[in-house]
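Structural overview
One-letter residues, chain by chain:
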Amino acid sequence: MAFDGLSERLEAAFQRLKSKGSLTEADVRSAMREVRLALLEADVNYKVAKDFTEKVTKRAVGEQVMESLTPAQMVIKIVNEELTELMGGTKARLAVANHPPTVVMMCGLQGSGKTTFSGKLANYLKLKKNKKPLLVACDVYRPAAIEQLKILGQQTGIPVYTEEGAVNPSSIA
């Protein structure tokens, strides 16, 4: 999975903080340097990674460690809160067009779960929101993804549009 490497890098960055009694600015900056590198290796935009780590650093420097938290846990808590905020907060909702169709494009690294999530989202929209989703197979580089989407469509009763032999995702869409 695409996030396994990121998770491992983040854990390694926080390992050094575990033995600290209190957070110093140098400790936090060192950990955030590692976090920034991990985000960049996960193909996160440089400006997003830089802004994110600066925000976490500002919050973590001088932060009193809660009684029940170690310094590493405190930084992890701050990183978690900031990542949640970066991804739209805890109550982000799918914006639906006033006049159908609503188009949702799934983007992400290979193996990050776009096809599976697309099937789950379509099924959710069908069952819980009373919508009529259509899945469109635009991954022309990985034929197995098209087959996977067809299977998900059959399992959920959601139609899947495909163009056999198509080479341009834009024209398919």
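Residues numbered from 1 in each chain as written. Predicted model: local features only at pLDDT ≥ 70, side-chain atom pairs only at ≥ 80, totals over all residues. Heavy atoms only, no water.

**Some remarks on the pattern of salt bridges**
Summed over all chains, the structure comprises 11 salt bridges. For Glu25, the salt bridge goes to Arg29, with nearest N and O atoms at 2.8 Å. Of this pair, Glu25 and Arg29 both sit in helix α2 (residues 25–41), four residues apart, roughly one helical turn. In this structure Glu25 comes out as partly exposed when scored by relative accessible area, which is 41%. By relative accessible area, which is 43% here, Arg29 ends up partly exposed. Here Lys47 and Asp51 are joined by a salt bridge, their closest N and O atoms 3.0 Å apart. Here the residue Lys47 and the residue Asp51 both occupy positions in helix α3 (residues 46–60), the gap between them amounting to four residues, near one helical turn. A relative accessible area of 53% places Lys47 in the exposed class. (Salt bridge = Lys/Arg side-chain N within 4 Å of Asp/Glu carboxyl O. Helix = DSSP H or I, 4+ residues; strand = E, 2+ residues; numbered from the N terminus. Buried < 20%, exposed > 50% of the residue type's maximum accessible area, 1.4 Å probe, protein only.)

**Description of the environment of Asn123**
Structurally, the position occupied by Asn123 is in helix α5 (residues 114–127). Accessibility expressed as a relative area gives 23% for Asn123, which makes it partly exposed. Asn123 sits 29 residues away from Leu152 along the chain, and the two C-alpha atoms are 9.3 Å apart. Setting aside its immediate chain neighbours within four residues, Asn123 contacts Thr156 and Ile158. (Contact = heavy atoms within 4.5 Å.)

**A word on a nonpolar patch on the surface**
Together, Val48, Leu86 and Met87 line one region of the surface with nonpolar side chains, adding up to about 290 Å² of accessible area. Along the chain, Met87 turns up in the loop between α4 (71–86) and α5. Judged by relative accessible area, Met87 falls into the exposed class, the value being 66%. (Patch = residues over 30% accessible without salt bridge, like charges linked within 9 Å, V, L, I, M, F, W, Y side chains within 5 Å. Areas by Shrake-Rupley, 256 points an atom, 1.4 Å probe, with all protein chains shown as cover.)

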